[in-house]
Amino acid sequence: MEPVTMPTERTTPFDPPEELRRLREQNPVTPLRYPDGHIGWLVTGHAAARTVLSDPAFSARLELKRLPVGPPADPDQVQPAPPGYFLAMDPPDHTRYRRLLGGRFTPRRMRALESGIEAIITDQLDEMEKLGAPADLVERFALPVPSRVMCELLGVPYEDRAHFQSISGALMGFDVAKMQEAYVGINEYLYGLVQRKRAETTDDLLGELVAQTDLDDVELTSIGFLLLIAGFETSANMLGIGTFALLTAPDQLAAVRADPDLMPDAVEELLRYLAIPQYGLTRTAVKDVEVEGQTIREGEVVTVSIPAANRDPKRYPDPDRLDVTRSATGHVTFGHGIHQCIGQALAMLEMRLGFTALFDRFPNLRLAVPAEEVEMRAASQIYGVHSLPVEW
Ligand code: HEM
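What counts and how
- Residues numbered from 1 in each chain as written.
- Predicted model: local features only at pLDDT ≥ 70, side-chain atom pairs only at ≥ 80, totals over all residues.
- Heavy atoms only, no water.
- Pairing = 2+ DSSP bridges.
- Helix = DSSP H or I, 4+ residues; strand = E, 2+ residues; numbered from the N terminus.
- Near = heavy atom within 4 Å.
- Polar contact = N/O pair within 3.5 Å; in protein donor to acceptor, adjacent residues only side chain to side chain.
- Nonpolar A, V, L, I, M, F, W, Y, C, P; charged D, E, K, R; others polar.
- Buried < 20%, exposed > 50% of the residue type's maximum accessible area, 1.4 Å probe, protein only.

Bringing the sheet that holds strand 5 (residues 135-136) into the picture now. By definition, the strands of a sheet pair up through backbone hydrogen bonds, in either a parallel or an antiparallel sense. Pairing in this open sheet of 3 strands is antiparallel, and the strands run 5-11-10 from one edge to the other. Only two strands of the sheet have a single neighbouring strand rather than two, namely strand 5 and strand 10 (366-367). Inspection of the sheet shows strand 5 paired to strand 11 (residues 389-391) by 2 bridges, in the antiparallel sense. Bridge assignment links Ala135 to a residue of strand 11, and that residue is Val390.

Have a look at this one:
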């Protein structure tokens, strides 16, 4: 089989690149050429995706990874994950951190945050209403809500909020120099925050980790940083593009409005359908392994396409249709296996409360520009909208 390069060209805002469909139909495990010339694999089928993500023959270690798009990594920069950055570690290191954090992200713990999240949402909607239409939903709602939720979760004091939000915002930008500056800034800020929490115990996630675990300040800084990058941009983009998807599918929006009990299913379906980690998840084989008849050799890198797996007709009937009444569980937007998103209960809560309050507050919410003019985050790891002009 001739290796392909990662398909990235979309023809519609919500559908994955058409080429992914062809690959999934012909060969759900197909050779893929990486930007540095490495020949690895692209997985587009739902079953194969879950196999790769749950098989210990595949490693998540940072130093073994290659991304399927973008410039090739500089070999001098290839390093293991810093202590605490467990997203890019394998057991037993991953297990140790995940155990320390897992119990703090249960649906029950997240429900305890519910009233705080509701207050943040109300506050942002009040501000948006006061400033009047038209408004950019991303600037007024989709970005500030998860950013403030993250401040609350990590225990960023109120007086530091603006500073924290501006550096975390810059981190999600496109300007490489600014991003590097923001990376240093946020790590310095988090390190200082951890030290302050050592001096004075606080009742929040970082405060608890300081008081109740033997994690050191460097590990806690990396954990704070990981939670921030994993939990802010993702939720923000889901709120933005999720609103866009609902506004352009009036029948689906009407269905959730008519029956608010549908909201949890609608959130699950939006996650499946929009599949915002658009370039997928990468793993590296640490031994020879067979997946759906293909032998993957030790050292070969595998990219699991989340958009392709979530649209596999073998798993979801009529997969290209946004259908808020279907059961979309089993999608891989939060990953699968030991690295499956630790913050998923929080993310779903933010979306459930966010969409409900937004459409309650503005029953006539609509786009303020033609849908074709909404600018998509085409070249970002996390897909979404740059801005979403709305009126009501
Ligand atoms: C819609 C929102 C979100 C999406 C789509 C999302 C997606 C993902 C995915 C795909 C992974 C697995 C990565 C892999 O296997 O390589 C992951 C892991 C993770 N996510 Fe999320 N996430 C979201 C929200 C959040 C939130 C709100 C938090 C924290 C508050 C969070 C924290 C994490 C962490 C710490 C990991 C690493 C878990 C591990 O390696 O064991 N995420 N997320």
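It is worth spelling out the sheet that holds strand 2 (residues 29-33) at this point. Ordered in space as 1-2-3-9-6-4, the 6 strands form an open sheet in which the pairing is mixed. Strand pairing shows two members of the sheet lacking a second neighbour, strand 1 (4-5) and strand 4 (58-59), which therefore form its edges.

A few words on the site of the ligand. His94, Arg98, Arg283, His339 and Cys341 are the nearest of the 27 residues found near the ligand. One of the side-chain N or O atoms of His339 is found 2.6 Å from an oxygen atom in the ligand. Tallying contributions element by element places helix 11 (residues 217-231) first for the shell around the ligand, with 4 residues. A class-by-class count of the residues in the shell around the ligand yields 17 nonpolar, 8 polar and 2 charged.

At the junction of Pro91 and Pro92, the peptide bond is cis and its omega measures out at 5° in the coordinates. Within the fold, Pro92 resides in the loop between strand 4 and helix 3 (93-102). A cis amide bond links Ala133 to the next residue, Pro134, at an omega of -5°. With respect to the helices and strands, Pro134 occurs in the loop between helix 5 (114-131) and strand 5. The phi dihedral of Ala275 is positive, around 40°, even though this residue is not glycine. For Ala275, a relative accessible area of 2% corresponds to the buried category.

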